[in-house]
Amino acid sequence: FKILRNLAFFSGFTDTEVWEVVGICRWQEQSKGKNIVKEGEASNSLFFIISGQALVSKQGVEVNRLSNGDCFGEIAYLETARQVRLATVTTLTDMKLIEIEETSLLQASNGFQASFAKAFLNLMVTRLGAAYQRVSMLEGTIKQMAAKQTPAEDREKKTATIAKPPASLREA
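We now turn to the structure provided with this report. These figures come from a predicted structure and were not determined experimentally. (Residues numbered from 1 in each chain as written. Predicted model: local features only at pLDDT ≥ 70, side-chain atom pairs only at ≥ 80, totals over all residues. Heavy atoms only, no water.)

## Considering the sheet that holds strand β1 (residues 26-30)
Ordered by their spatial adjacency, four strands build an open sheet running β1-β8-β3-β6, and the pairing between neighbours is antiparallel. The open sheet has two free edges, formed respectively by β1 and β6 (71-72), since each of these has just one partner strand. Strand direction decides the pairing type here: strand β3 (residues 45-51) and strand β8 (residues 95-101), joined by six bridges, are antiparallel. Bridging from a neighbouring strand, S51 pairs with K96 of β8. (Pairing = 2+ DSSP bridges. Helix = DSSP H or I, 4+ residues; strand = E, 2+ residues; numbered from the N terminus.)

Written out as structure tokens, the structure is:
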């Protein structure tokens, strides 16, 4: 109970609702290098990391890192039509986590479901803000790279124009 109570996701939950989480979750310990979920795999559970770190990848490319208090697998819960994992999550360290199945969430009390929905909304807003910052940083980097290349490209064009031989004697 105390461990879950201290996770930011559950901070807005009543004690009764946190006890509901205790009742519906499954505690796990995973070793370093283990795939918790695999991209393309059918599943509808979501997970909260109690301790440890994980790598999130799509098609073998790292897209994020997760650590204590983070959750993953929420798309399977939020988008009920999608029952396929969008990414692979691999442990970078030994890890303790909890798993909550969608069916358990749907059978929980109305108050619990409302708290869960609000917590997910807050999580999504936070993640959208972080994604926006990453995109903005990438745009800035791309603009800087383009600005550095432009003078060199201009010099190449001028050099090519100057070095171009006349097509006929009249042009000479």
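Additional details are given in the paragraphs that follow.
## Things to note about the sheet that holds strand β5 (residues 61-66)
A sheet is described by the order of its strands in space; here four strands give the open sequence β2-β7-β4-β5, paired in antiparallel fashion. Of all the strands in the sheet, just β2 (35-37) and β5 have a single pairing partner and so form its edges. Averaged over all adjacent pairs, the angle separating strand axes in this sheet is 30°, with direction ignored. Bridge count between strand β4 (residues 54-58) and β5: five bridges; the pairing is antiparallel. Paired with S57 across the bridge in β5 is E62. (Axes fitted to C-alpha atoms, helices over the stretch in contact; angles between N-to-C directions.)

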